[in-house]
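Structural characterization, general
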There are 2 protein chains.
Amino acid sequence: MLTDEYRYKILKELQQDPNISQRQLAKRLGISLGKANFCLKALIEKGSVKAENFKNSTNKVGYLYLLTPKGIEEKVILTQCFLQRKLKEHEELEKEIEQLRQEVKS
Amino acid sequence: MLTDEYRYKILKELQQDPNISQRQLAKRLGISLGKANFCLKALIEKGSVKAENFKNSTNKVGYLYLLTPKGIEEKVILTQCFLQRKLKEHEELEKEIEQLRQEVKS
DNA sequence: TATGCTGCGTTCAATTAGTGAACGATGATA
DNA sequence: TATCATCGTTCACTAATTGAACGCAGCATA
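Rules used in this analysis
Residues numbered from 1 in each chain as written. Chains lettered and ligands numbered in written order. Predicted model: local features only at pLDDT ≥ 70, side-chain atom pairs only at ≥ 80, totals over all residues. Heavy atoms only, no water. Helix = DSSP H or I, 4+ residues; strand = E, 2+ residues; numbered from the N terminus. Rg over C-alpha atoms; globule rule 2.2 N^0.38 Å. Buried < 20%, exposed > 50% of the residue type's maximum accessible area, 1.4 Å probe, protein only. Contact = heavy atoms within 4.5 Å. Areas by Shrake-Rupley, 256 points an atom, 1.4 Å probe, with all protein chains shown as cover. Buried area = accessible area lost by both parts, 1.4 Å probe. Salt bridge = Lys/Arg side-chain N within 4 Å of Asp/Glu carboxyl O. Polar contact = N/O pair within 3.5 Å; in protein donor to acceptor, adjacent residues only side chain to side chain. Near = heavy atom within 4 Å. Phe/Tyr/Trp six-rings, centres within 6.5 Å; stacked < 30°, edge-to-face > 60°. Lys NZ or Arg CZ within 6 Å of the ring centre and 35° of its normal. Least-squares fit on C-alpha atoms with pLDDT ≥ 70 in both. UniProt positions renumbered as here; feature names shortened; annotations may be inferred. Axes fitted to C-alpha atoms, helices over the stretch in contact; angles between N-to-C directions. Parallel < 35°, antiparallel > 145°, perpendicular 65-115°, else oblique. Nonpolar A, V, L, I, M, F, W, Y, C, P; charged D, E, K, R; others polar.

An unreviewed UniProt entry annotates chain A as Transcriptional regulator of Marinomonas profundimaris.

Next up, the structure:
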């Protein structure tokens, strides 16, 4: 349920904004609140993220979702995997578009 | 349930091999037989694919899943959308990897 | 102080999506 | 004819996902 894709996306979001609510996170990733909550908990459970209690300036209560060293390392690896995957997809699609052009031509 | 992703992938598979069983299709796309059946039916329903009865050389019964003109056009459009999406993802990941390198450096 | 308002994380019943074993049908083969 | 393999189809079962509802905490206003 917590796929590499969401593991990556969540770590990325948290890294660039640890002060983010689960609702905001859900909205940014295009998933439901329930799923965001589930995934986040899983990341905390595994020690990739630490939820630090804090009080916001604008009358909010919530956590600061900070990447642990483990989480940072995990994100590095995931990012590299993602880059490779995307490069491969990109390459395949270039072939595909070339095929397509041949098709259209005829 | 039948997302653009699978619409695209199925049309692609069928185009390059109309003589393919639902089981083979499912395996190639990494989905279940049930889902493959469902998606294929949806494509036929919408007129993108036509199932033509035929008898294979190697003692099989099955259909020839042929793309209709509409299906071909649909695939062209989907492919273009996909290329754009992938290019964008690729671009974003390049930025991301650059950020990452900065991180790692420090 | 009390009341209301807002946004927080959490829960969980309900919905939706996905799975694959089982079935009957069809040809090929012995 | 009997057996075997593969076909598409079905559908009960499981997994994944949703979002309304809840209690809580802090701030603003009466």
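**Concerning the overall build of chain A**
Regarding its fold elements, chain A presents 4 helices and 2 strands. Walking chain A from its N terminus toward its C terminus, one meets helices and strands in the order α-α-α-β-β-α. Its C-alpha atoms give chain A a radius of gyration of 18 Å, clearly above 13 Å, the size a compact globule of 106 residues would have. Judged by the C-alpha coordinates and their principal axes, chain A covers about 65 × 25 × 25 Å. By the burial criterion, 39% of the 106 residues in chain A qualify as buried. Considering only contacts within chain A whose residues lie at least 6 apart along the sequence, 51% involve residues at least 24 apart. When the accessible area of chain A is evaluated, it comes to approximately 6,700 Å², of which 52% is carbon and sulfur surface.

**A few points about the interface of chain A and chain B**
With 18 residues of chain A in contact, the opposing surface of chain B contributes 18 residues. Counting each side, the surface lost to burial between chain A and chain B is near 1,800 Å², with a carbon and sulfur contribution of 68%. At the junction of chain A with chain B, the criterion picks out 5 salt bridges. For the pair chain A and chain B, the interface holds 4 residue pairs in polar contact (both at pLDDT 80 or more). Elements with a minimum of two residues in the side of chain A that touches chain B: α1 (4-16) and α4 (69-105) of chain A. Looking at the side of chain A that touches chain B element by element, the count peaks at 15 residues for α4(A).

**Considerations on the protein's contact with DNA strand D**
Around DNA strand D, the structure places 20 residues, and the nearest of them are A:Ser32, B:Arg23, B:Lys41, B:Val61 and B:Tyr65. A distance of 3.2 Å separates a phosphate oxygen of DNA strand D from a polar atom in the side chain of A:Lys35. For DNA strand D, a phosphate oxygen lies 3.0 Å from a polar atom in the backbone of B:Gln22. Those elements that provide at least two residues to the surface near DNA strand D are α3 (33-45) of chain A together with α2 (22-29), α3 (33-45) and β2 (61-67) of chain B.

**Looking at the packing of aromatic side chains**
For the coordinates displayed, the defined rule picks out 4 aromatic pairs over all chains. With a centroid separation of 6.1 Å and 45° between ring planes, the pair formed by A:Tyr63 and A:Tyr65 is classed as tilted. A:Arg85 extends its terminal NZ or CZ atom over the ring of A:Phe82, reaching a point 4.8 Å from the ring centre. Taking the ring centre of B:Tyr6 as reference, the NZ or CZ of B:Lys9 above it sits at 5.4 Å.

**Focus on the relation of the copies chain A and chain B**
The two copies are related by a screw operation: chain A maps onto chain B through 179° of rotation and 0.0 Å of translation along the axis, at an RMSD of 0.1 Å. Each copy turns onto its partner about a two-fold axis. Counting the interface residues of chain A, we find that 100% of their copies in chain B are interface residues as well, pointing to one common contact surface.

**Considerations on the UniProt feature "domain: HTH cro/C1-type" (unreviewed entry) in chain A**
Here the UniProt feature "domain: HTH cro/C1-type" (unreviewed entry) sits at residues 11-32 of chain A. Measuring from the first to the last C-alpha atom of residues 11-32 of chain A gives 17 Å, for a span that is 64% helix and 0% strand.

**Details of the packing of α1(A) against α3(A)**
Residues and elements named next belong to chain A. With their axes 11 Å apart at the nearest point, α1 and α3 run at an angle of 85° to one another. Classed by the angle they form, the pair α1 and α3 counts as roughly perpendicular. Contacts between α1 and α3 pair Tyr 6, Arg 7, Ile 10, Leu 11 and Leu 14 from the former with Lys 35, Cys 39, Leu 40 and Leu 43 from the latter. When its residues are assigned to classes, the contact of α1 with α3 shows 7 nonpolar, no polar and 2 charged.

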